[in-house]
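Residues per chain are reported as follows:
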Amino acid sequence: MKVSLIFLLLLPVCLAKPFHQKGLFDFMLEDEGSADIPATEEPIFPGLGPVCPFRCQCHLRVVQCSDLGLDKVPKDLPSDTTLLDLQNNKITEIKEGDFKHLKDLHALILVNNKISKISPAAFAPLKKLERLYLSKNNLKELPENMPKSLQELRAHENEITKLRKVVFNGLNQMIVVELGTNPLKSSGIENGAFQGMKKLSYIRISDSNITGIPRGLPPSLTELHLDGNKINKVDAESLNGLANLAKLGLSFNKITSVDNSTLANVPHLRELHLNNNELSKVPSGLAEHKYIQVVYLHNNKISSVGTNDFCPPGYNTKKASYSGVSLFSNPVQYWEIQPSTFRCVYERSAIQIGNYK
Amino acid sequence: MKEYVLLLFFALCSAKPLIGPSYFTLKNIMLQDMEDADDDDNNNSLFPTREPILPLIPFDIFPVCPFGCQCYMRVVHCSDLGLTSIPSNIPLDTRMIDLQNNKIKEVKENDLKGLTSLYALALNNNKIFKIHPKAFQSTKKLRRLYLSHNQLTEIPDNLPKSLAELRIHANKVKKIHKEAFKGMKSLHVLEMSANPLHNAGIEPGAFEGVTVYHIRIAEAKLTSVPKELPSSLLELHLDDNKISMIELEDFIRYKDLQRLGLGNNKIKDVENGSLANTPSLREIHLERNKLKKVPPGLPYLKYLQVVFLHNNNIPKVGVNDFCPTERSMKKALYSGISLFNNPMKYWEVQPSTFRCILSRNSVQLGNLRK
């Protein structure tokens, strides 16, 4: 490490041409001519070549420049960089040439800056970028032309109001999209916006202003997290075809009803969080569902629980046993729930009923 | 009878939900196998880049992963979830956990228990004020620990000896105990800026036996260059402090220093000979200080290429302030000298002052504001 650092630092020295006496006042005059450089700005010295930016750490192709108060992306980053961490700075804009030459970059961390603008061509050189973290910025929209190699996109806590199909189209390596805490409404999500991502496995749009489950979700989806929104109804149609969905998070919404065929549309669901909603009854279809193991229903308005709400009438229909069912903080009194309701649960600690105040 | 029913339910309700013990133990066995199979210590990359394994959902042994987090390729991502504590069901073979931007207050004794493969842990941007002294007992391979933007008042005790990088920016650290870094033989990067740290807060001997290459203690309350930092230092960044003077002995331990950042302090004077202790210096930043002259000794620093002196009180520059007098003396050419915003008349600076620069763009003079 030491040797390579020295080498890097010495590189400009070795590349330097022998000193030539220039016209005596040349550089001074030039300096006078360039009086437009704002006095408080950092000096700009061209031709230093790629070195580790001052105060950053460059080690094992990781360039670590977090918490430095930078207001722009440093120039001349080592071109073999694989991870660039620029979090907690004051960068306001990503410009076209900011990442040129960074053809090996795998991960770009821009979390917690003040970015409101990303040049459409800025990410074009990043042919190998897999992870792009843009959380905690001031973006109103996601950038177009994100690299096709992208696997993970995080843009939590921005000012995004619109999700357009064209932004995601063709991002066929994408696995994770995290867009929570944005002022995003259902009307801002274009129909089928996510459909263009063939491998997409995880979507999270929590703590936003969504009023319904987005339509046209890709069938590859295994997790969908929409907690903390304003959804008032679980509409079976939007979950149709999600044969791989295993986890569905819908807690802290305003859901009053769950369509009858909802659970049938997601045959491989294992975990369903519907706590802190306004449900008046247990969603139908749980008893017939083969794989469901965790159902959160606490903090709702469920006033009665039927003996066939959770378990099938006979035995041996359910493949997986429940490992977690929560019903506390509902108007239903626990002594009103027939013990046989949970006849298909073998682990008695899996059920939480009481504590209703 | 009624009491009995109540009691029974009480027992039910106080039990923790979730995690069917059956598949949990099965998973444990599996993880142990995996660990033996690909325990590659040499792979230091934070984000392994192999083809991801798409979860095809093996139903009876569904991977244990905290709800809302993503667990793949031994990386557990739980950022931005509003978590108030570290989730309990983290797969034991995890190499990296990202818990940034949550509301975690405490790292408890058993939070990281059994995570023996853990390589990187990001806890930055939480509300951590307390770390249990035994919290890191299992994580014997932890290399990178990110604790920036929390509420810690001191460097936690008993951090893993394996640490290579510790970032604890923007906390409330006032004290570095003598034992804080004890035995951390491979600690290379230490970032602890933006803490209310005074010189007196660094206990003597705190860095003994540690070979850190890069230390940054910017935006703190230092009034002089700390003298007991590791002698292995290649980079020292002390910008935005209250250092008023560079004394003869300040760098006596730091013979390998290559980059020195002292911008935005209150330095009035660099004592003659103090820079002779750092013969490998390549870059020195002294901008935004109160210097009255160019620091002495620059021509003798053979490798020095960048000198920032803008925004000081330097009224004039001597013809031999930067370049050696003997022609035979080898010296790297300067690639950056900044002198603007000093009360000097640039037309009085002899052109030969900069006879050892890389190109004429390497010097920035003028721009003195009235």
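Residues numbered from 1 in each chain as written. Chains lettered and ligands numbered in written order. Predicted model: local features only at pLDDT ≥ 70, side-chain atom pairs only at ≥ 80, totals over all residues. Heavy atoms only, no water.

- The name that an unreviewed UniProt entry assigns to chain B is Asporin, with the source organism given as Crocodylus porosus.
- Taken from UniProt, the Subcellular location (unreviewed entry) comment for chain B reads in full: "Secreted, Extracellular space, Extracellular matrix".
- Quoted verbatim from the Sequence similarities (unreviewed entry) heading of the UniProt record, the comment on chain B is "Belongs to the small leucine-rich proteoglycan (SLRP) family. SLRP class I subfamily." (UniProt positions renumbered as here; feature names shortened; annotations may be inferred.)

- As recorded by an unreviewed UniProt entry, chain A carries the name Decorin and is attributed to Crocodylus porosus.

**So, the overall build of chain A**
Here is step 1: Of regular secondary structure, chain A possesses five helices and 18 strands.
Here is step 2: By the burial criterion, 55% of the 357 residues in chain A qualify as buried.
Here is step 3: Excluding contacts between residues fewer than 6 apart, the proportion of contacts in chain A whose partners are at least 24 apart in sequence is 48%.
Here is step 4: Of the accessible surface of chain A, which amounts to about 15,100 Å², a share of 54% is contributed by carbon and sulfur atoms. (Helix = DSSP H or I, 4+ residues; strand = E, 2+ residues; numbered from the N terminus. Buried < 20%, exposed > 50% of the residue type's maximum accessible area, 1.4 Å probe, protein only. Contact = heavy atoms within 4.5 Å. Areas by Shrake-Rupley, 256 points an atom, 1.4 Å probe, with all protein chains shown as cover.)

**Looking at the UniProt feature "domain: LRRNT" (unreviewed entry) in chain B**
Here is step 1: Residues given the UniProt feature "domain: LRRNT" (unreviewed entry) here are residues 64–96 of chain B.
Here is step 2: Annotated as 0% helix and 21% strand, the span residues 64–96 of chain B places its first and last C-alpha atoms 15 Å apart.

**Overview of the confidence of the model for chain B**
Residue and element names in this part refer to chain B.
Here is step 1: Confidence in the prediction of chain B, expressed as mean pLDDT, is 84, and 82% of residues score 70 or more.
Here is step 2: Confidence over residues 1–62 falls short of pLDDT 50; this stretch has 94 contacts with residues more than four positions distant or in other chains.
Here is step 3: The ipTM assigned to the predicted complex is 0.81, against a pTM of 0.82. (pLDDT = per-residue confidence, 0-100.)

**Notes on the domain arrangement of chain A**
All names here are of chain A.
Here is step 1: Here chain A is described as being made up of domain 1 (160–274) and domain 2 (279–356).
Here is step 2: Contacts between domain 1 and domain 2 engage 15 residues on the former and 15 residues on the latter.
Here is step 3: Both faces considered, domain 1 and domain 2 share a buried interface measuring about 1,300 Å² in area, 54% of it formed by carbon and sulfur atoms.
Here is step 4: Considering only the surface of domain 1 that becomes buried against domain 2, L263, R270 and L274 emerge as the three largest contributors, covering 42% of it.
Here is step 5: Here domain 1 and domain 2 share zero salt bridges between them.
Here is step 6: Our enumeration of links across domain 1 and domain 2 arrives at eleven residue pairs in polar contact (both at pLDDT 80 or more). (Domains from an automatic or database assignment. Buried area = accessible area lost by both parts, 1.4 Å probe. Salt bridge = Lys/Arg side-chain N within 4 Å of Asp/Glu carboxyl O. Polar contact = N/O pair within 3.5 Å; in protein donor to acceptor, adjacent residues only side chain to side chain.)

**Let's talk about the state of the cysteines**
Residue and element names in this part refer to chain A.
Here is step 1: Across all of its chains, the model carries six disulfides over all chains by this definition.
Here is step 2: Residue pairing for C56: its cysteine sulfur links by disulfide to C65, the two sulfurs lying 2.2 Å apart. Disulfide C56-C65: the torsion about the S-S bond is 115 degrees, which places it as right-handed.
Here is step 3: By relative accessible area, C65 is classed as buried at 0%.
Here is step 4: For C311, the disulfide goes to C344, at an S-S distance of 2.0 Å. Because the torsion about its S-S bond is -75 degrees, the bridge between C311 and C344 counts as left-handed. Residue C311 is found in the loop between β16 (294–296) and β17 (324–326), and its partner C344 is found in the loop between β17 and β18 (351–352); the two are separated by 33 residues along the sequence.
Here is step 5: Residue classification places C311 among the buried residues on the basis of a relative accessible area of 0%.
Here is step 6: Sequence-ordered numbering of the bonded cysteines in chain B yields a pairing of 1-3, 2-4, 5-6. (Disulfide = S-S within 2.5 Å.)

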